[in-house]
Amino acid sequence: MEVCYQLPVLPLDRPVPKHVLSRRGAISFSSSSSLFGAPDPRQLSQRRGAISYDSSDQTALYIRMLDVRVRSQVGFEPERGSSHPYLCIDFRTLHTRLGCGSASASSAPERRVHRLLSFQRYLHSSRLLRGIPQQIPLHLLDGDYTGQARCMLEKVGTWNFDIFLFDRLTNGNSLITLTFHLLNQYGLVELFQLDMVKLWRFLVMVQEDYHSDNPYHNAVHAADVTQAMYCYLREPMLAKSLTSCDILLGILAAATHDLDHPGVNQPFLIKTDHYLTTLYRNTSVLENHHWKSAVGLLRETGLFSHLPAEDRMNMERELGSLILATDISRQNDYLSRFRLHLDQDNLCLSNASHRHFILQMALKCADICNPCRPWELSKQWSEKVTEEFFQQGDIEKKHKLEVSPLCDREANTVGNIQMGFMTYVAEPLFAEWARFSDTRLSQTMLGHMGLNKASWGGLQQEQTSVSEEAEPSTAGTNTLNSAAAIARRDSNTATGGTSSIEIPQGSRES
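One structure accompanies this document, and this report is about it. Owing to the predicted nature of the structure, the values given are computational and were not obtained by experimental measurement.

**Considering unusual backbone geometry**
- Its identity as a non-glycine residue notwithstanding, aspartate 260 has a phi of 60 degrees, on the positive side.
- With respect to the element layout, aspartate 260 can be found in the loop between α12 (244-256) and α13 (266-271).
- Within the chain, serine 284 stands out as a residue other than glycine whose phi angle is a positive 45 degrees.
- Relative to the assigned elements, serine 284 resides in the loop between α14 (275-279) and α15 (285-301).

Put into structure tokens, the structure is as follows:
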């Protein structure tokens, strides 16, 4: 058996020794190992993985499987896809189930759970079918990195939270780590009696279904929106009024609001006659897909299976209502309604429908809060979203389609796109949010947006001045070259000769 970091081999039928629990670690293994005590190595998956342990639980270890988990004989169903969940297993129960696995298999039919094929999973499966090896990251981090990530989580409520740094410190698992932390911090896991294995599996599958090759609509964006949503949930107007169910829905909606985003917008799906446009009748196509994908993962993992059926349906419906509110094409409808409530001063947060509407507005703000972040963070997000626009425009040009607005890299720049977005979309929304919640955070966001807009304006002026300076010099150079060519031509004509400069290389006859 291969051992990482020279850690001791732990007997799995007894509590972990105290001298081992003083630090976390991992043991790697292969499926041919007798570590599990299985009579036949073929009962285990033919992939490598790792076992880690934590001082919080002395009777359970954690298995991290790479690509394929333990087979159904051990009590877990085989899955298609490339998730990397942590499964908490009591190994004393595991040995018992392994011993009676053959008897139970004959009496009860095997139950298989077929995973829903999202865009991302379809891509993974097609790669495997084509024989393209899939790179699977190892989620083993040095203690210094995990320590720094833990320190950052202590300040997760600050507006200058650097989600890019946090994603690096968590080895690309920012969405899982952040969402899990927030649910624990609010005590929602205990309050709703959420199964830890199901919850972790759900979060892993959510992160997987975000397309990592999207410059903007990826899991890091979802983690950033979740962090912003947490900041809004802590605002006094909301903190004293929201129920635990509201908070749970708000966090889950933020984490899943762009689930399985293909990296193109709705007009692109319509002009390419994508099946989703037919399914959702060209109305909030992507948002409906995000919602249905999230519901599919909730049902697949059984995260809310212990709740009454009526409660589950209500939570799924309200989750969809929150996600559908992020449709940017309906921005004016929500903004007009929000402005009318504020003008009439009739928002009553003891009313469930009013609380839900405020959650919708909070999620809308969190979704487009990038212009309100500090310049160092805002600039990175602006460049990423613009690159995603431009990539769509390149695809449209390649297939002779009409290029969507803002997607032509030759006609647009990051600066002018961002200044237009701030002027016509972000500023009106955050101005009304500041009317509703006039706090230090609201003023900070408006201040950052003003500074960022001025910074983009300055960059635009610099680029304009540089281009204007380059044009006269280019024109002067072209004039001099033309004059020299005319002078040479006149000289050659007068002498009756032929200049070698006028004959391109390779055109001389030998």
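**Let's talk about the layout of surface pockets**
- In this model, the second largest pocket occupies a volume close to 1000 Å³.
- Surrounding the second largest pocket, 36 residues form its lining, His217, Asn265, Ile328, Phe389 and Phe421 being those nearest its centre.
- For the lining of the second largest pocket, the elements supplying multiple residues, two or more each, are α13, α15, α19 (375-398) and α20 (414-436).
- Here the lining of the second largest pocket takes six residues from α19, the largest share from any one element.
- When the residues that make up the lining of the second largest pocket are grouped by side-chain class, the tally is 16 nonpolar, 15 polar and five charged.

**Structural notes on the pattern of salt bridges**
- Per the stated rule, a full pass over the model turns up twelve salt bridges.
- Notably, a salt bridge pairs lysine 397 with aspartate 408, separated by 2.7 Å at the nearest N-O pair. Pair noted here: lysine 397 is in helix α19 and aspartate 408 is in the loop between α19 and α20, with a separation of eleven residues, a long-range link.
- Residue classification places lysine 397 among the partly exposed residues on the basis of a relative accessible area of 31%.
- With a closest N to O distance of 3.4 Å, lysine 453 and glutamate 427 form a salt bridge. One end of the pair, lysine 453, is in helix α21 (residues 440-495); the other, glutamate 427, is in helix α20, with 26 residues separating them in the sequence.
- For lysine 453, a relative accessible area of 22% translates into the label partly exposed.
- Connected through salt bridges with shared partners, the residues Arg339, Asp343, Glu432 and Arg435 form a single ionic network.

**A short note on the nonpolar core**
- Counting residues in hydrophobic clusters, the biggest one holds 95 residues, and the most contacted among them are Trp159, Ile163, Tyr232, Phe304, Phe430 and Trp433.
- Tallying contributions element by element places helix α10 (residues 219-233) first for this core, with eleven residues.
- Within the second largest apolar cluster, seven residues are counted, among which are Val264, Phe268, Leu269 and Val285.

**So, the side chain of histidine 341**
- Among the structural elements, histidine 341 can be located in helix α17 (residues 331-344).
- Contacts of histidine 341, omitting those with residues within four sequence positions, involve Asn346, Leu347, His354 and Phe357.

Definitions and cut-offs
Residues numbered from 1 in each chain as written. Predicted model: local features only at pLDDT ≥ 70, side-chain atom pairs only at ≥ 80, totals over all residues. Heavy atoms only, no water. Helix = DSSP H or I, 4+ residues; strand = E, 2+ residues; numbered from the N terminus. 1 Å grid on protein atoms, 1.4 Å probe; cavity = no way out; pocket = protein on both sides within 12 Å on 5 of 7 lines; lining within 4 Å. Points joined across faces, edges and corners; volume = space filled by probe spheres on them. Nonpolar A, V, L, I, M, F, W, Y, C, P; charged D, E, K, R; others polar. Salt bridge = Lys/Arg side-chain N within 4 Å of Asp/Glu carboxyl O. Buried < 20%, exposed > 50% of the residue type's maximum accessible area, 1.4 Å probe, protein only. Core = buried A, V, L, I, M, F, W, Y, C linked by side-chain atoms within 4.5 Å. Contact = heavy atoms within 4.5 Å.

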